[in-house]
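Topology and contacts: notes
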Amino acid sequence: MFHPALNVEGGIFYLAIIAQRMKHCLILPFLLYVCNSEAQYPVFHHYTTDNGLPTDEVYCAAQDGKGFVWLGTDAGLYRFNGTYFQKYSCATQQSAAISGVVFDSGGNLYFYNFSNQIFVVERDSMFEIQSWREVRGTGFPNIAVNPKNQLYATSGNGFYCSDGKQYSWKKISGVNQSFRLWCDKRGRIWFTTQEGIYSVESAQLQKRLIQVDIAQKINYGNLFFAEDNSSVWLFSISGADVYKWNAGRFVPHSSLALKKALKDRKITDVKFFQNKFYITTYAGVVWYDAVKDEANIWYPNESFSSALLDEEHNLWLTTLRNGIYVVPERQFLVWNKELSGLPENRVTDVIAHGNHVYFSMQNGSVGILDVNANNLKCISTSTKADIRNVFYDEQNQRLLFNSNNTLYTWSNNGLQILLANVGPVKKMVLLHDGYLICTSMGAYKYSTLHESSTAQKITDAWARDAVYVPNDSALYIATNNGLLITKYSAQKLITDTLLNDVQVVALYHANNAVYAISFNGKVWKHTNYRFTKTYHLPTECNVSDLLVYDGKIFIASSVGLWRIDENTREFILLNRTAGLCSNDIQAVAVQNETLWLATAKGLQSLPLNFVWNKPLPKLYLKAIKTENHIISSTNNIQLNHNQALQIFPEAVTFSSFGNFRYAYRLNGKTGTWVYTNSSDTLIILSGITPGNFSVEIKAVDFKGRSSNIITLRGKMMPPFWQRWWFYLLLVLCGAALVYVIFSRYVQHLKKKQLENLKRLELENELQLARQTALKAQMNPHFIFNVLTSIKSYIYQNDKKSAAEYLSKFSDLMRSILQMSSKPDVRLSDELETLRLYIELEAMLLEPPFEYDISADDSTNTHIIKIPALLLQPFVENAFKHGLRYKKGNKKLTLHAKKIDGVLEVIITDNGIGRKASTVVQQLAPQTHYSFASEATAKRIDLVNSERNQKIGLNYVDLDEGTQVVITIPIINATE
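Residues numbered from 1 in each chain as written. Predicted model: local features only at pLDDT ≥ 70, side-chain atom pairs only at ≥ 80, totals over all residues. Heavy atoms only, no water.

1. Notes on the overall build of the chain
So the rule is basically this: Helix and strand labels come from DSSP, where a helix needs a run of H or I of at least four residues and a strand needs a run of E of at least two; each type is numbered from the N terminus. Radius of gyration here uses only the C-alpha atoms, and the compact-globule reference equals 2.2 Å multiplied by the residue count raised to the power 0.38. Between buried and exposed lies partly exposed: a residue is buried under 20% and exposed over 50% of the maximum accessible area for its type, with that area taken using a 1.4 Å probe on protein chains only. Method for areas: the Shrake-Rupley scheme with a 1.4 Å probe, in which residue coverage is limited to the protein chains shown. The convention is simple: Lys and Arg are positive, Asp and Glu are negative, and His and the chain ends are not counted. A charged residue contributes its charge at one atom only: NZ of Lys, CZ of Arg, CG of Asp or CD of Glu.
If you tally the helices and strands in the chain, you get 10 helices and 75 strands. A globule of 975 residues ought to have a C-alpha radius of gyration of about 30 Å, yet the chain, at 61 Å, is considerably larger. Here the chain holds 975 residues, and 51% of them are scored as buried. Of the roughly 47000 Å² of accessible surface on the chain, 49% is carried by carbon and sulfur atoms. The average position of the 97 basic charges and that of the 86 acidic charges among the side chains of the chain differ by 4 Å.

2. Considerations on the pattern of salt bridges
Spelled out, the test is: A pairing counts as a salt bridge when a side-chain nitrogen of Lys or Arg comes within 4 Å of a carboxyl oxygen of Asp or Glu.
Tallying each qualifying case throughout the model produces 26 salt bridges. Put simply, Glu 128 and Arg 133 hold a salt bridge, and the shortest N to O gap is 2.6 Å. For Glu 128, a relative accessible area of 6% puts it in the buried group. For Arg 133, a relative accessible area of 31% gives the class partly exposed. Close ionic contact of Lys 271 with Asp 269 constitutes a salt bridge, the shortest N to O distance being 3.3 Å. A residue is classified by how much of its surface remains accessible, and Lys 271, at 22% relative accessible area, is partly exposed. When salt bridges with common partners are traced through the structure, they connect Glu 804, Lys 808, Glu 832, Arg 835 and Glu 839 into a single cluster.

3. Here's the deal with the sheet that holds strand S73 (residues 902-909)
As a reminder of what qualifies: When DSSP finds two or more bridges between a pair of strands, those strands are recorded as paired. What counts as an axis is a line fitted to C-alpha atoms, over the stretch in contact for a helix, and the angles between N-to-C directions run from 0 to 180 degrees. For this analysis, residues touch if any pair of their heavy atoms sits within 4.5 Å.
What the five strands build is an open sheet, ordered S70-S72-S73-S75-S74; its pairing is mixed. Where the open sheet ends on each side, the last strands, each with one partner, are strand S70 (849-855) and strand S74 (952-957). Averaged over all pairs of adjacent strands, the angle between strand axes in this sheet comes to 10 degrees, irrespective of strand direction. Sheet topology places S73 next to strand S75 (residues 962-969); eight bridges connect them, and they run antiparallel. Bridging from a neighbouring strand, Asp 909 pairs with Thr 962 of S75. Packing of helix H8 (residues 872-883) onto the sheet brings it into contact with S70, strand S72 (890-899), S73, S74 and S75, and relative to S72 it is tilted by some 150 degrees.

4. Observations regarding a nonpolar patch on the surface
Quick reminder of the rule: Note on patches: the residues involved have over 30% relative accessible area and no salt bridge, like charges join within 9 Å, and the nonpolar side chains Val, Leu, Ile, Met, Phe, Trp and Tyr join within 5 Å.
Where nonpolar side chains cluster on the molecular surface, the patch consists of Phe 720, Trp 721, Trp 724, Trp 725, Leu 728, Leu 729 and Leu 732 and spans about 770 Å² of accessible area. Here Leu 729 is to be found in helix H4 (residues 724-777). Of the residues examined, Leu 729 reaches a relative accessible area of 39% and is grouped as partly exposed.

5. Considerations on the pairing of strand S41 (residues 425-431)
Direction of pairing for S41 relative to strand S42 (residues 434-439): antiparallel, over a ladder of six bridges. Across the sheet, Leu 430 pairs through a bridge with Tyr 435, a residue of S42. In sequence, S41 turns back onto S42 through a hairpin of two residues.

6. What about the packing of aromatic side chains?
For clarity, the threshold we go by: Here a pair means two rings of Phe, Tyr or Trp (six-membered ring of Trp) with centres within 6.5 Å. Their orientation is stacked below 30 degrees between planes, edge-to-face above 60, and tilted elsewhere.
This structure, assessed with the given rule, holds 49 aromatic pairs. Residues Tyr 47 and Phe 85 carry aromatic rings whose centres are separated by 6.4 Å and whose planes lie at 85 degrees to one another, so their mutual orientation is edge-to-face. Of this pair, Tyr 47 sits in strand S4 (residues 45-47) while Phe 85 sits in strand S8 (residues 85-88), placing them 38 residues apart in sequence. Taking the centre distance of 6.1 Å and the plane angle of 15 degrees together, the rings of Trp 233 and Phe 235 count as stacked. Given the relative accessible area of 0%, Trp 233 is considered buried.

7. Describing the side chain of Thr 439
The cut-off we apply is this: Two N or O atoms count as a polar contact when they lie within 3.5 Å, although within protein this holds only if one can serve as hydrogen donor and the other as acceptor, and sequence-adjacent residues are included solely when both atoms are side-chain atoms.
With respect to the secondary-structure elements, Thr 439 resides in strand S42. A polar side-chain atom of Thr 439 sits 3.1 Å from the main-chain amide nitrogen of Met 441. Here the side chain of Thr 439 touches Gly 442 through a polar contact of 2.8 Å, landing on its backbone oxygen. The residues touching Thr 439, leaving out its near neighbours within four places in the chain, are Val 422, Pro 424, Val 425, Lys 426, Tyr 444, Ala 461, Trp 462 and Ala 463.

8. Description of the pairing of strand S55 (residues 560-565)
Most of S55 sits inside the fold, with six of its six residues counted as buried. Taking the residues that link successive antiparallel strands as the turn, the strand S54 (residues 552-557)-S55 hairpin has two residues. Relative to strand S56 (residues 571-574), S55 runs antiparallel, the two sharing four bridges. When the sheet's bridge partners are listed, Arg 563 is paired in S56 with Ile 572. Between S55 and S56, which pair antiparallel one after the other, the connecting turn spans five residues, and Arg 569 there sits at a positive phi close to 55 degrees.

9. Considerations on the environment of Pro 617
In this structure, Pro 617 sits in the loop between strand S59 (602-607) and strand S60 (618-625). Between the C-alpha atom of Pro 617 and that of Thr 653, which follows or precedes it by 36 residues, the distance is 4.8 Å.

10. Structural notes on the packing of helix H6 (residues 799-819) against helix H7 (residues 827-842)
The condition is simple: Just so you know how the angles are binned, under 35 degrees is roughly parallel, over 145 roughly antiparallel, 65 to 115 roughly perpendicular, and the rest oblique. For any helix crossing, the convention is left-handed if the near helix is rotated counterclockwise from the far helix by under a right angle, and right-handed if that rotation is clockwise.
Interhelical geometry of H6 versus H7 gives an angle of 140 degrees and a closest axis separation of 9 Å. The orientation of H6 with respect to H7, classified from their angle, is oblique. When you trace H6 past H7, the crossing you get is left-handed. Contacts from Tyr 805, Lys 808, Phe 809, Asp 811, Leu 812, Ser 815, Ile 816 and Met 819 of H6 reach H7 at Asp 829, Glu 830, Thr 833, Leu 836, Tyr 837, Glu 839 and Leu 840.

11. Structural notes on the confidence of the model for the chain
Our working definition: Per-residue confidence from the predictor is reported as pLDDT, which spans 0 to 100.
In this model, the chain carries an average pLDDT of 87, and 91% of its residues clear a pLDDT of 70 or more. Summarising per-element confidence for the chain, the mean pLDDT is lowest in strand S1 (residues 26-27) (54) and highest in strand S30 (residues 315-319) (98). Low pLDDT, under 50, characterises residues 1-25; the stretch is placed with 45 contacts to residues that sit more than four places away or in other chains.

12. Digging into the sheet that holds strand S44 (residues 456-459)
Either a parallel or an antiparallel arrangement is found when strands of a sheet pair, and the pairing is made through backbone hydrogen bonds. With respect to topology, four strands assemble into an open sheet ordered S41-S42-S43-S44, the strand pairing being antiparallel. Taken across any chain shown, the strands that pair with only one partner, and hence form the sheet edges, are S41 and S44. Adjacent strand axes in the sheet meet at a mean angle of 25 degrees, parallel and antiparallel pairs treated alike.

13. A short note on the nonpolar core
Note the cut-off: We call a set of buried Ala, Val, Leu, Ile, Met, Phe, Trp, Tyr and Cys residues a nonpolar core when their side-chain atoms join them within 4.5 Å.
The biggest cluster of nonpolar side chains holds 43 residues, and the ones touching the most others in it are Val 875, Leu 903, Val 905, Ile 966 and Ile 968. Those elements giving two or more residues to this core turn out to be helix H5 (780-795), H6, H7, H8, S72, S73, helix H10 (932-945) and S75. In terms of nonpolar packing, the next biggest core, distinct from the first, is built from 30 residues, Ala 61, Trp 70, Phe 111 and Val 121 among them.

Structure below.
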C-alpha cells in the first residue's frame with residue numbers, strides 16, 4: 001500500500017498508481033496543500049474610495065462623546081456617522097494631511113497637520129491655534145489633553161503646555177526637545193526626549209528610568225506609550241523591545257510570544273481594548289493578551305496606522321494605503337483564498353468529527369482542519385468538479401466525498417475511488433447494515449461501497465438529505481415530493497410519505513425528534529410519529545441546511561444564518577452586516593461549542609452561544625427648517641397653513657454599516673410609522689392637519705432595533721378663513737357691511753327725501769317762476785300801454801284798428817294763460833304767442849318797424865317742445881332796451897333751427913345796444929321795476945337742474961343792436 005508524504009508546505013505530489021479493478025481500490029494522483037496554520041482572520045467591512053472614503057491613506061481614528069468617528073487622513077479631517085463623511089477645514093490650513101486627534105472633556109477636538117500646525121474644532125467649526133506658530137520648533141507635534149483640559153505638545157525646541165482656553169503656551173523648563181507623549185488614566189503626562197522619559201504631574205516634572213543592560217543603548221524617541229488596566233507600557237517602534245512601569249521604573253517585559261509576533265515589524269500605534277493590546281504595524285495587526293501571554297497576527301500583508309474600538313464594540317483598523325478595516329466581531333474567524341491560501345472561496349459543505357473539520361469547495365478541493373493543532377491542509381482531485389457533500393465514515397475511519405459522479409475516499413492510504421458513476425451525491429448516511437446515498441436521481445441503499453451491485457433503490461424522487469434513527473430503525477429521506485419515512489420490519493423496508501408534495505430540503509435528528517425544513521423556510525418537528533411543532537422563517541429566502549443543538553435550530557440560507565430558540569420561539573438572523581463573511585450559507589456544523597459555516601466567501605467559525613448585543617443607534621437632528629426659516633427648538637413649532645416642515649436627521653450606527661432606515665410618524669401612537677432609506681437625510685412633511693401636532697423620528701438598524709426617539713411638537717395654523725380673527729373679522733365686516741348698507745339705505749332715504757323736498761321746492765320755484773313769468777308777460781305797464789293805444793284808436797274813431805288790436809290782445813292773454821299752466825309747449829305755439837306779443841309791442845313804437853319770425857325747413861315746430869314762455873322775456877328786452885330808444889327804422893328777427901338734436905333760437909334787434917341802453921336807463925327816471933330778465937334767468941337755472949342737457953344762453957353785441965342765441969335741448973323730437 002502506498003503512503004504519500006504529508007505536511008510539506010506548498011508541496012505537490014503526484015502518485016503513480018496501477019489500477020486494479022474488481023475488489024481493489026484505485027489509488028489516484030492528487031494535490032496536497034498545507035496552508036498557513038495561523039491564517040484565520042476576523043471578518044471585516046472595508047471602507048475605501050470605492051464606497052465613499054475620501055482617501056485610502058488614513059492615519060488615525062477617534063470617537064467623540066456623541067458617537068461620531070473622526071478620521072485624520074491624507075485628504076484632511078473627516079467626521080463619519082456610519083453613512084456619510086463630512087469634511088472640516090479652515091482658511092489658514094497649510095497642508096491637508098491630519099493626524100493626532102484627541103478630545104478634551106468638553107468635547108473639543110484637537111489635532112495637527114504635517115506643516116506643524118495645531119487645530120481645534122469647537123462648536124462644529126475648525127480653526128487654527130495661531131499662538132502655536134510663535135513657539136513651535138521643527139518637525140510636527142505630538143499632542144495630548146489632560147483631565148484639566150490642558151493641552152500639551154511636543155516640539156523640536158522644547159515641551160509646551162497650554163491652558164486650553166486662551167491657548168497661551170508655556171514652555172516646560174529643563175526640556176530642550178521632546179518627541180512622543182501620552183496622558184494616562186491618572187492624568188499624568190508622559191513624554192520622551194533624547195535624554196530619557198519624563199512625566200508631568202501637578203506641575204512637577206520628573207525623569208523616569210528604564211531598567212536595561214548597561215551596554216544597551218535606548219533610542220527614547222523610538223518609543224510608543226500605551227496603558228493597560230493598571231500600568232503604563234513602552235513599545236519600541238522597531239526591535240520588539242517592550243517595557244512595563246513597575247515599582248517606579250520601566251522594566252523589560254519578557255514574552256517570547258510577543259517578541260516573536262513583533263519581530264521584523266515596525267510599529268505605528270498601540271492601543272489597549274478589552275484586555276488586549278492591539279499593535280498596528282507596517283505588516284499587520286498584532287494583538288497581545290498579557291494575562292494569557294498569547295499573541296497573534298492579523299492581516300500580515302497590510303500596513304496599518306492605528307486602531308479604535310468604538311462604542312458598538314467594532315474594531316477600526318486604519319491603513320496607510322487601503323482604507324479602513326472595520327471588524328464587527330473579533331470572534332468571527334474566516335479561512336478564505338485571499339488570507340488563508342485556500343484554493344477556492346466558495347465552500348459547499350462542512351462537517352465536524354472529533355477535533356477535525358472537513359469542508360468541500362466548488363473547485364473540487366476538500367479541506368481538513370485540525371482545530372487543536374490549528375493545522376489546515378487541502379486535497380484536490382484532478383477533475384476540478386464541484387463537491388456538494390462530504391461524509392466521515394466512522395466505521396472505516398475515512399472521509400468520503402463525491403465529485404463528477406464519482407465517490408472518493410481519503411484516508412491514510414491517500415485518495416482513492418470507491419464507486420464510479422454513482423451519480424451527483426447530495427448526502428451520505430451510515431446505516432446499521434450499510435450506507436444510504438441520496439442523489440438527484442433517487443436514493444440508494446448500499447450494503448458495501450466497494451460493490452455497486454449491492455445497491456438497492458428506495459425512491460426515484462430527487463433525494464436531498466437523510467437521517468437514520470437507530471432506536472426506531474427508521475430512515476427519513478428528504479425528497480422533492482415530501483418526507484419519505486422507511487422502517488425496517490422483518491428484513492423488509494416499509495415506506496410511507498409525509499408532507500406530500502412538499503419539497504423537503506434538509507433534515508436533522510436531535511432530542512428524539514426529526515426536524516425537516518422545506519424550500520420556503522417552514523420547519524416541522526416530528527416526534528412519536530406525528531408533527532408537534534412548526535416554525536416559519538419571517539423572511540423569504542432559499543434554505544440549504546439544518547442543525548439542531550442545545551435547544552436551538554440553526555438554518556443555513558441565502559440571507560444568512562437563522563437561529564430559532566425553541567423555548568422562546570425567538571428568531572435571530574446573523575448576516576454580513578452582523579459579522580459573517582457572506583450572506584450565502586450553504587451548510588452548518590457544530591464542533592466543540594463552535595459553529596462552522598460553509599459560505600460563498602470561505603469557511604467561517606463563530607461561538608455557538610454567540611450573543612449579538614450592540615448598542616442601539618443614536619439619532620440627532622442636524623436642522624429643522626421651513627422653506628425659508630431655520631427652527632431652533634423642537635417644541636412650540638408654528639407652521640402656517642400648508643407650510644412644509646423639513647427635518648434633517650442624522651443617525652450614528654456603525655454596526656449597521658449603512659443598512660438602516662429612518663422612521664417617522666405624526667401624532668404619536670395614532671399615526672403610522674413611515675420608513676425611509678439611510679441615504680434620505682431630508683424628511684419633508686407636508687399636508688399636516690391644522691391644529692396641534694407631534695412628529696416622532698427614530699433610526700432603525702438592520703435588526704429592526706430602534707434608536708432614541710426625537711419628538712417635535714408644534715401647531716399647524718389653520719387657513720386664515722378658519723382662524724378666530726378671521727371669524728371676528730367676518731363679524732366685524734358683516735356688521736360694517738350691514739352698517740354701510742343701512743347707512744347707505746338711510747342716506748338713500750334721506751337723499752330721496754331731500755330730492756323729493758328739492759323736487760317739491762323746485763316745483764314750487766318753477767311754479768313761482770311760471771307765475772313770475774306770467775306776471776312778467778302780463779306786465780301792467782305793457783297792458784296799460786296796449787289798452788291806452790287801443791283807447792286812442794277808439795278816440796280817433798278807428799274802430800277797425802281798435803277791434804283788431806283788442807282781438808290780438810285778447811288772443812295773447814288767452815295764450816299766455818294757457819301756456820303758463822304747462823311745463824313744455826310746442827314751438828309753433830310759442831312762436832304764435834310771440835307773434836301776437838310783437839304785434840302788440842309794435843303799437844307802442846314809432847314807425848317804421850318790421851319783424852320776422854322763421855324756422856328752417858328741417859325744424860318741425862309742431863313736434864318740438866320747449867319750456868313754456870321761455871322766449872318772450874328776450875323779445876321783451878329787445879323792445880324795452882333796444883328798439884324803444886331807436887330812431888329810424890326798427891327791426892326784430894327771430895329764427896329757429898335744429899342742430900345735432902339741439903334747437904337754436906336766434907333773436908336779433910337793431911336797437912341801441914346793451915351799453916347804450918344801460919346808460920339811458922341810468923339817466924331815465926325809474927317809474928316801475930322790471931324783473932322779466934331776472935325771473936327768466938332763475939327759471940333757466942331751475943330747468944337746467946332737472947335735466948342732463950342744459951339750456952344755453954349767449955349774448956352777442958352787434959355793431960347795431962344785440963343778438964341773443966338760445967340753445968334748447970329738444971324734447972320728444974322725431975323725424
